[in-house]
Amino acid sequence: MRDYLLTLCVTAAVTYLLTGPVRKFAIATGAMPEIRARDVHREPTPRLGGIAMFFGLCAGLLVADHLQNLSSVFELSNEPRALLSGAALIWLIGVLDDKFELDALIKLGAQMISAGVMVAQGLTILWLPIPGVGTVALTPWQGTLLTVALVVLTINAVNFVDGLDGLAAGMVCIAAAAFFLYAYRLWYGYTIEAAAPATLFAAILMGMCLGFLPHNMHPARIFMGDSGSMLIGLVLAASAISITGQVDPDVLKLFEGSTRQATHAALPVFIPLVLPLTIIAIPMADLVLAIVRRTWKGQSPFAADRGHLHHRLLEIGHSHSRAVLIMYFWSALIAFGTLAYSVHSTSMWIVLGVVALSAIGLVLLLLPRFTPRAPRWAQSVVPPRYRRRKPPVVPAEAEGEVVEEREPVPAGVNGATAIGHRSRFTDRSKAGARG
């Protein structure tokens, strides 16, 4: 654990220290795109934050290679080299996209090629532990197709959720933390050496996200861009592939009997089959909803819009920071709830705790609809939004002169500052008529 923490800290430190110079480099090279209709930020912000994250990844792998307890991962497995090769390719395409806005199909092809590069070097799914059936061995073509599909889905899920300051990095960090705890439990608790690469990848991924978050929290000074979102999505997918398709399920057999009985009885132990999907459940749901929504409207599935989950949270009335924290909450609930179930599947307290926390999450989601008002004696200590509003003072009419009533200015989304400027009209349809 000490070596993993050291690797995490070095990765985070390198990422954090390089993000400042990268920001200046992005400004100097003009990697500051104009604000688009779907963007939430109000000022042009430099991208290319993925450059710092990639060098943090390289630093983490380099340090781990020189540590006594982690160097065996590089000697016994080719997976770290496979990860570095695929990450370098997807990172390069992301940098070009941040600067020149590449076509979506070009990026999709690059994602598939990056996954193919990792497969060619041994980072692929070899078998699947299916409860009730047993261990299913995959042919090379089946393993390749399944690996490429998982990589592409994970990359795009992370890329789709990257819409608010600190959202993608924080959610991936939460997912990586849950995955690290599970992989470390397999490696240390069950002495399964094949789980060591996934544990290392998760620790490095946490360091990349933690080092970048201080620069990316609202108001963000730099964005990770596609060079960062696709990179951390690929590392997350590589961790899932490593522990799902490389660890032999027969090693985890805890019960006597046939393979089918043992697989069914040891269902919590085979949680790697489910955990890679649950830790990206929120981004994946956003991805599926976006594809259905755009296809239903007759648009391309890759067309950008403002219908993502984080956009809807802002429209409900949440502030930027609160919307990010709510997404963090749901990601942590799903990831760590699944992790807790894998440890104690027979405990009813885990199920009751997940249900209770889900109810709290629903209350937080609907909080702007039910904004309470503080009593008069607490007006001076509560935030302004919870204070009682004083009735407007209507001036007395002058001699024969009627005071024209002004139209009220709507509050808008997130205090009328998250999406754009404060609207001047109560009805947007009248804006064009008056202009």
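For the structure itself, look to the data block above.
Source: prediction; values computed, not measured. (Residues numbered from 1 in each chain as written. Predicted model: local features only at pLDDT ≥ 70, side-chain atom pairs only at ≥ 80, totals over all residues. Heavy atoms only, no water.)

Novice: How would you explain the overall build of the chain if you had to name every residue and give the values?
Specialist: When its secondary structure is counted, the chain shows 16 helices and two strands. The buried share of the chain, reckoned over its 435 residues, is 47%. Long-range contacts, defined here as pairs at least 24 residues apart, represent 73% of the contacts in the chain between residues at least 6 apart. Carbon and sulfur atoms make up 65% of the accessible area of the chain, which totals about 22,000 Å². (Helix = DSSP H or I, 4+ residues; strand = E, 2+ residues; numbered from the N terminus. Buried < 20%, exposed > 50% of the residue type's maximum accessible area, 1.4 Å probe, protein only. Contact = heavy atoms within 4.5 Å. Areas by Shrake-Rupley, 256 points an atom, 1.4 Å probe, with all protein chains shown as cover.)

Novice: With reference to specific residues and values, describe the state of the cysteines.
Specialist: Where two cysteines share a covalent bond between their sulfur atoms, that bond is called a disulfide. Summed over all chains, the structure comprises zero disulfides. Cysteine 209 takes part in no disulfide bond, and the closest cysteine sulfur to it belongs to cysteine 173, at a distance of 5.3 Å. The buried category is assigned to cysteine 209, whose relative accessible area is 0%. (Disulfide = S-S within 2.5 Å.)

Novice: Break down the nonpolar core for me, with residues and values.
Specialist: Formed by 91 residues in total, the largest nonpolar core has its most connected members in Tyr4, Leu57, Leu200, Leu205 and Leu231. At 17 residues, helix 7 (residues 167-189) tops the list of elements feeding residues into this core. Among the nonpolar cores identified, the runner-up in size contains five residues, and Ala157, Phe160, Leu287 and Ala290 belong to it. (Core = buried A, V, L, I, M, F, W, Y, C linked by side-chain atoms within 4.5 Å.)

Novice: Describe the pattern of salt bridges, and please don't skip the residues or the numbers.
Specialist: Applying the stated criterion to the full structure yields three salt bridges. For the salt bridge of arginine 47 with glutamate 101, the shortest nitrogen-to-oxygen distance reads 2.8 Å. Taken as a pair, arginine 47 in the loop between helix 1 (2-28) and helix 2 (50-65) and glutamate 101 in the loop between helix 4 (79-100) and helix 5 (104-120) lie far apart in primary sequence, 54 residues in all. With relative accessibility at 9%, the residue arginine 47 sits in the buried group. In this structure, aspartate 97 engages lysine 107 in a salt bridge whose closest nitrogen and oxygen atoms are separated by 3.6 Å. Of this pair, aspartate 97 sits in helix 4 while lysine 107 sits in helix 5; the two residues are 10 residues apart in sequence, bridging distant segments of the chain. The class for lysine 107 is buried, based on a relative accessible area of 15%. Within the structure, one salt-bridge network assembled from shared partners comprises Asp97, Lys107 and Asp226. (Salt bridge = Lys/Arg side-chain N within 4 Å of Asp/Glu carboxyl O.)

Novice: Describe a nonpolar patch on the surface, and please don't skip the residues or the numbers.
Specialist: Among the surface-exposed residues, Met348, Trp349, Val351, Leu352 and Val355 lie close enough to one another that they form a single nonpolar patch of about 580 Å² accessible area. Along the polypeptide, valine 351 turns up in helix 15 (residues 348-365). Judged by relative accessible area, which is 39%, valine 351 ranks as partly exposed. (Patch = residues over 30% accessible without salt bridge, like charges linked within 9 Å, V, L, I, M, F, W, Y side chains within 5 Å.)

Novice: Can you explain the packing of aromatic side chains? Please cite residues and give values.
Specialist: Inspection of the entire model under this criterion finds nine aromatic pairs. Geometrically, the ring pair formed by tyrosine 4 and tyrosine 184 is edge-to-face, given 6.1 Å between the ring centres and 85° between the ring planes. Placement of the pair is tyrosine 4 in helix 1 and tyrosine 184 in helix 7, with a sequence separation of 180 residues. Note on accessibility: tyrosine 4 and tyrosine 184 belong to one class, buried. (Phe/Tyr/Trp six-rings, centres within 6.5 Å; stacked < 30°, edge-to-face > 60°.)

Novice: Break down the side chain of asparagine 156 for me, with residues and values.
Specialist: Locating asparagine 156 in the fold gives a position in helix 6 (residues 140-161). Among all residues touching asparagine 156, those that are not within four sequence positions of it are Gln111 and Leu287.

Novice: Explain the environment of threonine 338 residue by residue, including any values.
Specialist: Considering the arrangement of structural elements, one finds threonine 338 in helix 14 (residues 320-343). Separated by 16 residues in the primary sequence, threonine 338 and valine 354 place their C-alpha atoms 9.5 Å from one another.

Novice: Run through the packing of helix 4 against helix 5, naming residues and quoting values.
Specialist: Helices that pack against each other are described as a pair by the angle of their axes relative to one another and the distance between those axes. At a closest axis distance of 8 Å, the pairing of helix 4 and helix 5 adopts a crossing angle of 165°. By the criterion of interaxial angle, the relationship of helix 4 to helix 5 is roughly antiparallel. Relative to helix 5, the crossing made by helix 4 is right-handed. Residues Ala82, Leu83, Ser85, Gly86, Leu89, Ile90, Ile93 and Asp97 of helix 4 pack against Lys107, Ala110, Gln111, Ile113, Ser114, Val117 and Met118 of helix 5. Residues belonging to the contact of helix 4 with helix 5 are distributed by class as follows: nine nonpolar, four polar and two charged. (Axes fitted to C-alpha atoms, helices over the stretch in contact; angles between N-to-C directions. Parallel < 35°, antiparallel > 145°, perpendicular 65-115°, else oblique. Left-handed = near helix turned anticlockwise from the far one by under 90°. Nonpolar A, V, L, I, M, F, W, Y, C, P; charged D, E, K, R; others polar.)

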